[in-house]
Amino acid sequence: RNRAGESRRMFVDGEGRLSSAPSEELEYLKKTGIDDYLFAAVRAAAAGGATERREALLLISTRLAAEAEAASEPAKDGGLRRRGVRAVKESPAAEAAAPEEVEEPSSGGGGGVAGALRLVCERTGWLAFFLCGLLLCERVMHSFGALLEREIELAFFVPLIIGHGGNSGGQAVSTVIRSIGRRSPSASEAISTVATEALAGALQSLLLGCLVGPALHFFLDTSRAVSTVMATTLPLLGLFSNCTGAMLPFLVTWAGLDPAVIVGPLMTTLVDTLGLMIYLSVATATLVHGS
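Please read these numbers as outputs of a predicted model, since none were measured by experiment.

Asks: When you look at the overall build of the protein in this model, what are you seeing that I'm missing?
Replies: Assigned secondary structure in the protein consists of twelve helices and four strands. Counting every atom, the protein has about 17,300 Å² of accessible surface; 63% of that belongs to carbon and sulfur.

See the structure below:
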């Protein structure tokens, strides 16, 4: 049966070639060829007895089913999905009657100026909202101004803290979104995933903190107090970042919003602002109250 839904009776010629009788069909197959595995099976069906024919036809049907299933999966060539892919090549007449294959972009934005304007309308509002959230970082820095004036070294590591939080949370976001794309998880599975990611973030950042703290003190001449603050902050930041990055895709998806557009900027806004607050709070507890 071809793509137009028409049933076609196929024959095998003397050389074991698949044909539908007209010579132009046979010439087409000779030029394009068919799968070697199918060719051998067709030849066996033509030459063997009843048992061999049944076995060969079973092999043919199994192979065609596997190829059809593989062809129905989404293509990985730049986000394009192909429909109407055939397991075996058809004749020129069938190709003329069958509809053309359709290529669809994976993004809903479209192309050209109209597509760009559509994306601007969809995303600018969210970006403005997240920008207002990032302005909270200024308020956090201002509230800890006295501490930063006393320990100027703390300001040098603000980009490191913000960057590490975004990197750690971004890994969790990517993992969870990929999991949601495969199937819709239950509430218990979501809680388990968030807990696992949070523990992983804390452990990996604890390991990094054990390396970064001594390295700052012995190799970069950072004071022991600030090196201790860094080593203490990283595990807490990893716990918070991974927990946030794993939780947000579930919440956004269950709210009916697009996680691909919202989760990344929202996670960055929360981790930058609250991560900075965690860092300076640890510094306050260590350098001010600790002394």
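Asks: How should the packing of helix α6 (residues 136-143) against helix α12 (residues 259-289) be read in this particular structure?
Replies: Pairs of packed helices are described in terms of their axes, by the angle between the two and the distance that separates them. Running from amino to carboxyl end, α6 crosses α12 at an angle of 10°, the nearest separation of the two axes being 9 Å. Judged on the interaxial angle alone, α12 and α6 are roughly parallel. Side by side, α6 and α12 meet where Leu136, Cys137, Val140 and Met141 of the first sit next to Asp272, Thr273, Leu276, Met277 and Leu280 of the second. In the contact of α6 with α12, the residues fall into seven nonpolar, one polar and one charged.

Asks: Hey, could you run me through the side chain of Thr233 in this one?
Replies: Checked against the element boundaries, Thr233 lands in helix α11 (residues 224-254). Non-local contacts of Thr233, meaning those with residues more than four positions away in its chain, are made with Ile161, Ile278, Tyr279 and Val282.

Asks: I would appreciate a short explanation of unusual backbone geometry in the present structure.
Replies: Excluding glycine, a negative phi dihedral is what most residues carry, and trans is how most peptide bonds are arranged. For Asp221, which is not a glycine, the phi torsion comes out positive at approximately 55°. Structurally, Asp221 can be placed in the loop between α10 (187-219) and α11.

Asks: What is the right way to read helix α5 (residues 112-134) from this model?
Replies: Each α-helix turn comprises 3.6 residues. Residues three or four places apart therefore point the same way. The terminal C-alpha atoms of α5 lie 31 Å apart, and with 23 residues this matches the ideal 33 Å at 1.5 Å per residue to within 8%. When α5 is considered as a whole, its buried residues turn out to be Gly115, Phe130 and Gly133. Summarising the contacts, the buried residues of α5 are in contact with α6 and α12.

Asks: Help me understand the environment of Met141, please; the structure alone is not making it clear to me.
Replies: In this fold, Met141 is placed in helix α6. Given a relative accessible area of 26%, Met141 falls into the partly exposed group. In this structure the C-alpha to C-alpha distance between Met141 and Met277, which are 136 residues apart in sequence, comes to 8.3 Å. Leaving out residues up to four positions away in the same chain, Met141 has contacts with Leu148, Leu276 and Leu280.

Asks: Is there a simple way to explain the packing of aromatic side chains in this structure?
Replies: For any pair of aromatic rings, the description consists of the separation of the ring centres together with the inter-plane angle of the planes. Considering all chains together, one arrives at four aromatic pairs under this definition. With centroids separated by 6.0 Å and ring planes inclined at 25°, the aromatic side chains of Trp126 and Phe130 adopt a geometry described as stacked. On the criterion of helical spacing, the pair formed by Trp126 and Phe130 is a turn pair, its members being four residues apart in helix α5. Between Phe250 and Trp254, the aromatic rings sit 5.8 Å apart at their centres with planes inclined by 35°, giving tilted as the arrangement. Of this pair, Phe250 and Trp254 both sit in helix α11, separated by four residues, roughly a single helical turn. You can call Phe250 buried: its relative accessible area is 4%. In this structure an aromatic cluster arises from ring pairing among Trp126, Phe129 and Phe130.

Asks: What is the right way to read the pattern of salt bridges from this model?
Replies: Side chains that differ in charge, positive against negative, can pair when their charged atoms come close. Here the structure, examined in full by the defined rule, presents two salt bridges. Ionic pairing is found between Glu138 and Arg139, a salt bridge with its closest N-O pair at 3.4 Å. Judged by relative accessible area, Arg139 falls into the partly exposed class, the value being 47%. Between Glu189 and Arg183 there is a salt bridge; the shortest N-O distance is 3.1 Å.

Asks: Please clarify how the environment of Leu270 should be interpreted in this entry.
Replies: Mapped onto the fold, Leu270 is located in helix α12. Separated by 26 residues in sequence, Leu270 and Thr244 place their C-alpha atoms 8.1 Å apart. Among residues more than four places away in sequence, those in contact with Leu270 are Phe240, Thr244, Leu248 and Gly275.

Asks: Honestly, the nonpolar core in this entry has me stumped. Any pointers?
Replies: The tendency in soluble globular proteins is for nonpolar side chains to be buried side by side. Formed by 21 residues in total, the largest nonpolar core has its most connected members in Leu154, Val229, Leu276, Tyr279 and Leu280. Only α6, α7 (145-150), α9 (158-182), α11 and α12 provide two or more residues apiece to this core. Beyond its immediate chain neighbours, meaning those up to four positions away, Leu276 contacts Cys137, Val140, Met141, Val158 and Val271. Membership of the second largest hydrophobic core comes to nine residues, among which are Val252, Ile262, Leu266 and Val271.

Reading the values: the criteria
- Residues numbered from 1 in each chain as written.
- Predicted model: local features only at pLDDT ≥ 70, side-chain atom pairs only at ≥ 80, totals over all residues.
- Heavy atoms only, no water.
- Helix = DSSP H or I, 4+ residues; strand = E, 2+ residues; numbered from the N terminus.
- Areas by Shrake-Rupley, 256 points an atom, 1.4 Å probe, with all protein chains shown as cover.
- Axes fitted to C-alpha atoms, helices over the stretch in contact; angles between N-to-C directions.
- Parallel < 35°, antiparallel > 145°, perpendicular 65-115°, else oblique.
- Contact = heavy atoms within 4.5 Å.
- Nonpolar A, V, L, I, M, F, W, Y, C, P; charged D, E, K, R; others polar.
- Expected span 1.5 Å × (residues − 1).
- Buried < 20%, exposed > 50% of the residue type's maximum accessible area, 1.4 Å probe, protein only.
- Phe/Tyr/Trp six-rings, centres within 6.5 Å; stacked < 30°, edge-to-face > 60°.
- Salt bridge = Lys/Arg side-chain N within 4 Å of Asp/Glu carboxyl O.
- Core = buried A, V, L, I, M, F, W, Y, C linked by side-chain atoms within 4.5 Å.

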